[in-house]
Amino acid sequence: MPVVVVESPAKAKTINKYLGSNYVVLASYGHVRDLPPKDGSVDTEHEFEMKWEVAADSKKHINAIKDALKTDDELILATDPDREGEAISWHLQEALASSLKKGKKVSRVTFNAITKEAVTEAMKHPRQVDQPLVDAYLARRALDYLVGFTLSPVLWRKLPGSRSAGRVQSVCLRLVVEREMEIEAFRAREFWTVSAVLLTPRGQEFTARLVQMGGKRLDKFDIATAAAAELAVQAVTSRALTVQSVEAKPAMRNPSPPFMTSTLQQEASRKYGMGAKACMSAAQRLYEAGHITYMRTDGIDMAPEAVTAARAAIGARFGAAYVPDAPRIYKNKAKNAQEAHECIRPTDMTAGPDDLRLTEADQRKLYELIWKRTLASQMASARLERTSVDIGSADGQVGLRASGQVTLFDGFLKVYEEGRDDEDEDEGKLPQIMQSEAVSPKKGGFEAAFQKQAEAVSKDDFDLIDAGAPLGPRAIGSAVISADGAVLGNQSHTQPPARYSEATLVKKMEELGIGRPSTYASVLTTIVDREYVRKDKNRLFPEDKGRLVTAFLTNFFRRYVEYDFTADLESQLDDVSAGERDYKEVLARFWRDFSAAIAETADLRIGEVLTKIDDFLSPHLYPLREDGSDPRVCTSCGTGRLHLKTSRSGGAFIGCGNYPECRYTRPISGEEGGSVDGRILGLDAEGQEISLRAGRFGPYVQKGEASEEAPKPPRASLPKSWPAESLTLERAIELLSLPRQIGPHPDDGVMIESAIGRFGPYVKHGSVYANIPDVEEVFTIGMNRAVEVLALKLAGRRGGPAAEPLRELGEHPDGGPIQVMPGKYGPYVKWAKVNATLPKDIAPEAVTLEEALALIAEKAGKSGGKKKAPAKKAAPKKAAAKPAAAKKPAAKKAPAKTAAAKKPAAKKTAAKAAAVGDVTE
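To keep things clear, this report deals only with the structure shown in the data block. The structure displayed is predicted, hence computed values, not measured ones.

**So, the overall build of the protein**
- If you tally the helices and strands in the protein, you get 26 helices and 35 strands.
- Across the 921 residues in the protein, those meeting the buried criterion constitute 47%.
- Of the contacts made within the protein by residues no fewer than 6 positions apart, 64% connect residues no fewer than 24 positions apart.
- Accessible surface, the protein as shown: approximately 45,800 Å² in total, 51% of it carbon and sulfur.

**So, the side chain of Gln819**
- On the secondary structure map, Gln819 appears in strand E33 (residues 817–821).
- Of the residues examined, Gln819 reaches a relative accessible area of 18% and is grouped as buried.
- At 2.8 Å, the side chain of Gln819 and the side chain of Glu808 are in polar contact.
- Gln819 has contacts with Pro805, Arg807, Glu808, Tyr828, Val829 and Lys830, leaving out every residue within four places of it along the chain.

**Regarding helix H12 (residues 361–377)**
- The terminal C-alpha atoms of H12, which comprises 17 residues, lie 24 Å apart, in line with the 24 Å expected from a rise of 1.5 Å per residue.
- Restricting attention to buried positions, one finds in H12 the residues Gln363, Leu366, Tyr367, Leu369, Ile370, Trp371, Arg373, Thr374, Leu375, Ala376 and Ser377.

**Some remarks on the pairing of E33**
- In terms of burial, E33 is largely enclosed, as four of its five residues are buried.
- Both strand E32 (residues 807–811) and E33 contribute to a ladder of four bridges, which runs antiparallel. Each residue of the ladder has a partner; that of Arg807, found in E33, is Val820.
- Hairpin connection of E32 to E33: five residues between the antiparallel strands, including Gly815 at a positive phi of 100°.
- Of the strand pairs in this sheet, E33 and strand E34 (residues 828–831) are connected by three bridges, and their pairing is antiparallel. Within E34, the position partnered with Val820 by the bridge is Val829.

**As for the sheet that holds strand E31 (residues 768–771)**
- Spatially, the four strands line up as an open sheet ordered E28-E29-E30-E31, and their pairing is antiparallel. Strand pairing shows two members of the sheet lacking a second neighbour, strand E28 (740–744) and E31, which therefore form its edges. Ignoring which end each strand starts from, the neighbouring axes of this sheet average 25° apart.

**Considerations on the packing of helix H6 (residues 169–185) against helix H14 (residues 502–512)**
- Their axes nearest at 11 Å, the elements H6 and H14 cross at an angle of 120°. By the criterion of interaxial angle, the relationship of H6 to H14 is oblique. H14 is crossed by H6, and the crossing has right-handed handedness. Counted together, Cys172, Leu175 and Val176 of H6 and Leu505, Lys508, Met509 and Leu512 of H14 form the full contact between these two elements.
- Looking at the contact of H6 with H14 residue by residue, the class counts come to six nonpolar, no polar and one charged.

**Quick look at the sheet that holds strand E21 (residues 642–646)**
- The antiparallel open sheet is built from three strands, whose spatial order is E21-E22-E23. Looking along the sheet, the strands with just one partner apiece sit at the ends: E21 and strand E23 (665–667). Strand-to-strand, the axes of this sheet are offset by a mean angle of 35°, without reference to chain direction.
- Where E21 meets strand E22 (residues 652–656), five bridges bridge the pair, whose relative direction is antiparallel. By the bridge assignment, His643 is partnered in E22 with Gly655.

**What to know about the pattern of salt bridges**
- According to the stated counting rule, one finds 44 salt bridges in the structure shown.
- Among the ionic pairs, Lys70 bridges to Asp67, the shortest N-O distance being 3.4 Å.
- We classify Asp67 as partly exposed; its relative accessible area is 44%.
- Between Arg731 and Glu776 there is a salt bridge, with its nearest N and O atoms 2.6 Å apart.

**Concerning the packing of aromatic side chains**
- Scanning all chains against the criterion turns up 18 aromatic pairs.
- Residues Tyr322 and Phe409 carry aromatic rings whose centres are separated by 4.9 Å and whose planes lie at 40° to one another, so their mutual orientation is tilted. In this pair, Tyr322 sits in the loop between helix H10 (304–318) and helix H11 (353–356) while Phe409 sits in strand E14 (residues 398–409), placing the two residues 87 residues apart along the sequence.
- Tyr322 gets classed as buried once you look at its relative accessible area, which sits at 11%.
- Summarising the aromatic geometry, the rings of Phe590 and Phe594 are spaced 5.1 Å apart at their centres and angled 20° between planes, so their arrangement reads as stacked. Linking Phe590 with Phe594, this pair stays in helix H18 (residues 583–600), spanning four residues, or about one helical turn.
- The rings of Phe552, Phe556, Phe557, Tyr560, Phe565, Phe590, Trp591 and Phe594 are connected pair by pair, giving a single aromatic cluster.
- Directly above the aromatic system of Tyr500 lies the positively charged group of Arg179, at a separation of 4.2 Å from the ring centroid.

Conventions we followed
- Here the residue index of a chain counts from 1 through its sequence in written order.
- It should be noted that, the model being predicted, local features are given only for residues of pLDDT at least 70 and side-chain atom pairs only at 80 or more, the latter also being counted only at that level, while totals for whole chains, interfaces and linings use all residues.
- Here the side-chain values reflect all heavy atoms present in the structure, with hydrogen atoms and water set aside.
- The helix count covers DSSP runs of H or I at least four residues long, the strand count covers runs of E at least two residues long, and both are numbered beginning at the N terminus.
- Burial classification: accessible surface area is computed with a 1.4 Å probe over protein chains only, and a residue below 20% of its type maximum counts as buried, one above 50% as exposed, and the rest as partly exposed.
- Contacts: residue pairs with any heavy atoms within 4.5 Å of one another.
- Method for areas: the Shrake-Rupley scheme with a 1.4 Å probe, in which residue coverage is limited to the protein chains shown.
- We define a polar contact as two N or O atoms separated by no more than 3.5 Å, with the added condition that, inside protein, one atom must be a possible hydrogen donor and the other a possible acceptor, whereas residues neighbouring each other in sequence contribute only through side-chain atom pairs.
- In this scheme, a helix's expected span is set at 1.5 Å multiplied by one less than its residue total.
- By this definition, two strands are paired if DSSP reports at least two bridges between them.
- For helices, the fitted axis covers only the stretch in contact; all axes are lines through C-alpha atoms, and the angles between them, taken along N-to-C directions, range from 0 to 180 degrees.
- If an angle is under 35 degrees, it is roughly parallel; if it is over 145, roughly antiparallel; if it lies from 65 to 115, roughly perpendicular; otherwise it is oblique.
- Each crossing gets its handedness from the near helix: less than a right angle anticlockwise from the far helix is left-handed, clockwise is right-handed.
- Just so you know the grouping, Ala, Val, Leu, Ile, Met, Phe, Trp, Tyr, Cys and Pro go in nonpolar, Asp, Glu, Lys and Arg go in charged, and all remaining residues, Gly too, go in polar.
- The rule for a salt bridge is simple: a side-chain nitrogen of Lys or Arg has to be within 4 Å of a carboxyl oxygen of Asp or Glu.
- Within 6.5 Å between ring centres, the rings of Phe, Tyr and Trp (the latter by its six-membered ring) count as paired, and their orientation is classed by plane angle as stacked under 30 degrees, edge-to-face over 60, tilted in between.
- Put simply, a charge is over a ring when the Lys NZ or the Arg CZ is close to the ring centre, within 6 Å, and near the line of the ring normal, within 35 degrees.

That is the geometry; function is a separate question.
This is the structure we're talking about:
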């Protein structure tokens, strides 16, 4: 029977259900081969030959497929229908070449949705692996490798403390950094707006805004001061006003197209604050469960049968009036048709969110978003009426305008309205207003708003003033109100550009043509994981490390972080996937110029690099001072100039040029008066200086200075909960005194100690370490509490009272309960002897049985563990046979020594691989 290979066990399970017992469906668990993380994996001297290796974790999956092919003559590659899926199929075909020589048939099938109809139909139309798509993958993989393994070491040498650079990652980081620099350089400009609350002859109120004064139409900054605003308020209140024109215009609003990858990520961020990674993770699970079509796509077009189904579902749910006369056709914006699949839509248009009964919150929210957007995209337009009313004085000196909107037919708005990044105030509904009729100010119309502003600036409250009282306008710092409280002038200031959210950054990258939808989530995750960018309240802030990397690349590799260059390279890669360009020519052209740029940096000195970065970042590093003095003059000594410097640990800081006479320092994002690296906190009892310093891994305290006698003086990192700016000498001495001796254990007399380690605060007794929850407890914990904590830890080790499960998920198909357990390094799912750590983006209370089964299967495969519960009697015999088989290679001692000798080199390579781990874009 045919062997069908897909990426994931969850997908394999769903497809196996549709294909039945006539097929063997196996999972490859993603990519089975990759470039080794070492120099030379892409040979630039021999036409960019790429040296692949099968990952250690993938060997068992490859062997399982080979075993199945021993008895089956057909291999069907059914990986995802995109470039990455095509690449996995190609890798599988290459890795299985030895098992495919004997006339076995190999074919490739794709389906855009995991439904029975789509899967069975795909099996009727097999094809071969699409080589142009594979070439596009090879080109991207080679480019990312060459940039990562060539540029990152330059960063390490020339810019201490930096971690890595990437082809798309670095351009994305530049966007965030440049937006922050725009915000810092922004200077607010004052302007005022004047509005009036007016009454019609029928007593209905509405608000109008001053748009004309002195016979001249007002621009935004024409009322620039409080004095000008006061004159404008007086001008409005001193004149009789009449309605000069009423204009009502019909308007239509059309729905947005259905989702593609980037718009789904943007909308999930706007409406739910869902990051790109969480969005794609939830979408992946919806796709594998057969609820939505493939979620990595540039396309917005919909299959004809899906359009018909959507129109039928709309008519059934909302009535015929909501179904337009003709189906809506959306033109696909993607350049490359081979990579522009159908839009992201539900596989069953009649299945609403409540019908699916999804238990995971993210999946439920995302499915509802996709379902509503898809139906709305095929619904009738909304019909509106927009009304504009012009009001003016008889002498033509004053003119006001009121606008309103009425929805005559809601159309698609009944289901869905697209979110906006910059929310505008919706126009309100206007009352009935007739041309030529007089309008009058509403006494006290703005009084409440004015008093609220007055209270905010600690002004006295104001009583309501009679219209006839001989008092003029009243003013506070930010507002001016007429005597009768009907006309209000408000102060405003221009606002700096908003920081990027994940939604707006994805939108910007899409506009510039940087990266592709399938890469956005991984790129955003990388710049956060590298600590180049910090995410706070759904906004992206560049860290100092990210600024330095951007400054370095902009000054020394400007071409490779230019938006046009990156977009043009993406366009060339699209040509490759369309079969219109040779990928090796693209690589050769890129490498010729890139390697020359790398060579030009060989003679660069760190001092030269820092000088250029110092100049580039000067608006951020040395902001203007209130007194107008030179921002680069040291505030400590008054004569030295401030410069960007690097510390021994690799971090960067601002220091005085008069060092060592002046030891003033501060972090590059610190306040003027602050100082981190080398700030003296005081002297301890022995008379040694205790200083606070900035290190590669954060602030730390140090006792004394390094010398020949003591090259490594006592140091201690600050706990994350301790702010460096408020650290006192006493607390620093406490930190340096760790480990703290609590006393001898009552059972054996061995000393019990408390300290802070890599994984947080703990107590130690001999070789037993037990974590404690609070850092402060390290300095106060007593003997009774310490013995109790240690006893609980030992009880867990020796089979004593085990931790209680957080949740019971159900039974494993092979027998035995599956539980969610608390763990030292985070929650995990447990079945028999298999423990699988939960990913960070899955909360223990949200994990499903299906997800747990997939994690357990993957963990069992990685560890070589069995997927059957070890309860049968036959199991020990099999287990006993394995060690015997393993004794033969173990007897060869020479190779073991060689392997041991190579361990340091392996560690170095692994560290390098970790640093340039962003080789996917």
